[in-house]
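Breakdown of the fold
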Amino acid sequence: MGVHGVKAVFFDLDNTLVDTAAAGRRAIEEGLSGLFQVINALQSKHHYSEGEARLICDKVQAKLLKECHDPAKMCITDLRISHWEEAIQETIGGEVNRNLAAECYFLWKTTRLQHLTLAEDTRDMLTELRKGVRLLLLTNGDRQTQREKIEACACQPYFDAIVVGGEQKEEKPAPSIFRYCCDLLGVQPTECVMVGDSLDTDIQGGLNAGLKATVWLNKAMTTPVDISPVPHYIISSVLDLPAVLQKMEHKINAKLGNDHTTSNNE
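The paragraphs below set out a description of the structure included in this document. (Residues numbered from 1 in each chain as written. Predicted model: local features only at pLDDT ≥ 70, side-chain atom pairs only at ≥ 80, totals over all residues. Heavy atoms only, no water.)

Glancing now at the overall build of the protein. The helix and strand tally for the protein stands at 10 helices and six strands. Counting only residues that meet the buried cut, the protein has 45% of its 266 residues in that class. Intrachain contacts of the protein at a sequence separation of at least 6 include 63% that bridge at least 24 residues. (Helix = DSSP H or I, 4+ residues; strand = E, 2+ residues; numbered from the N terminus. Buried < 20%, exposed > 50% of the residue type's maximum accessible area, 1.4 Å probe, protein only. Contact = heavy atoms within 4.5 Å.)

Further remarks concern the pattern of salt bridges. A side chain of one charge can pair with a side chain of the opposite charge if their charged atoms are brought near each other. Under the definition given, this model contains 18 salt bridges. Glu-90 is paired through a salt bridge with Lys-59; the nearest N and O atoms lie 3.9 Å apart. In this pair, Glu-90 sits in helix 4 (residues 76–92) while Lys-59 sits in helix 3 (residues 50–65), placing the two residues 31 residues apart along the sequence. The class of Lys-59 is partly exposed, set by a relative accessible area of 25%. Each of Lys-59, Lys-63, Glu-86 and Glu-90 takes part in one network of salt bridges that share partners. (Salt bridge = Lys/Arg side-chain N within 4 Å of Asp/Glu carboxyl O.)

Attention now goes to the layout of surface pockets. By volume, the largest pocket is sized at about 800 Å³. Taken together, 28 residues form the lining of the largest pocket, with Asp-14, Asn-15, Thr-20, Arg-112 and Lys-149 sitting closest to its centre. Partitioning the lining of the largest pocket into residue classes produces five nonpolar, 12 polar and 11 charged. Of the voids in this model, the second largest pocket is the one considered here, and its volume is about 230 Å³. Around the second largest pocket, the lining comprises 18 residues; the ones closest to its centre are Thr-16, Leu-17, Asp-19, Ala-119 and Thr-122. Put simply, the parts of the chain that give the lining of the second largest pocket at least two residues each are helix 1 (20–29) and helix 6 (120–129). (1 Å grid on protein atoms, 1.4 Å probe; cavity = no way out; pocket = protein on both sides within 12 Å on 5 of 7 lines; lining within 4 Å. Points joined across faces, edges and corners; volume = space filled by probe spheres on them. Nonpolar A, V, L, I, M, F, W, Y, C, P; charged D, E, K, R; others polar.)

Strand order in the open sheet formed by six strands is 3-2-1-4-5-6, and the pairing between neighbours is parallel. Of all strands in the sheet, those bounded by a partner on one side alone are strand 3 (161–164) and strand 6 (233–235). Across this sheet, the average inter-strand angle for adjacent strands is 20 degrees, counted without regard to direction. Pairing geometry for strand 1 (residues 8–11) and strand 2 (residues 134–139), over four bridges, is parallel. Bridge pairing links Val-9 to Leu-135 in strand 2. Contacting strand 2 and strand 3, helix 7 (residues 143–153) crosses the sheet at an angle of about 145 degrees to strand 3. (Pairing = 2+ DSSP bridges. Axes fitted to C-alpha atoms, helices over the stretch in contact; angles between N-to-C directions.)

Glancing now at the nonpolar core. Within the largest apolar cluster, 34 residues are counted, with the highest numbers of intra-cluster contacts made by Val-9, Phe-11, Leu-126, Leu-137, Phe-159, Val-193 and Leu-241. The dominant element in this core, judged by the number of residues it contributes, is helix 10 (residues 241–265), at four residues. Counting 20 residues, the second largest nonpolar core, distinct from the first, contains Ile-56, Trp-84, Ile-88 and Cys-104. (Core = buried A, V, L, I, M, F, W, Y, C linked by side-chain atoms within 4.5 Å.)

See the structure below:
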């Protein structure tokens, strides 16, 4: 499907194309999940009580939510092993056990990646969209972490290019990374649409870069009254995007028709 004036669509990854948050929750909650395995390992191999094991996992989850990573200072693996080290020490006391912390981290990480999938209906939508426009995946985050996610959900075949913020000088919402994406695809910002779940990075970034349109994925279904920044369109599912692009095409066609009528009347 082609859209007049739109040559490319940029997609965010986390919680837009793949449900990273749900994968993280499943890696905590499900029966054979990462943290369930960690809890089992802490109990059976290392003789912690169930309460101690669960408290360690709760503390790690809290640390992940507040995580601030500077790749210039520490790699993401070392940082996340340190989360487990701290959680174990805060719960149990005593000396830091780096080997145990690393074991817990890799158990959690492996299962989390197993839960990351690109849904079949999303794959179908991307395949159809790509018949008419170019597609680019634009994700913020640490290079290693994001590349592992991209590989785990096998989304490479659906995109003309993939850009990871951690590999660039600046991440979203900086205009520079959007200009880089445009250059990769050989398009102008005014020919591109940004789709993402973050107002601060995806929508603000698209506005900063002067893209043709921004599409905010708001799964909550309820929109704040004082939404800021203001996206051009709001959808509750990424599968609603084709309808938005059709709406854009109708608007452009209507404008072209009005312009043609005005020109004839002059």
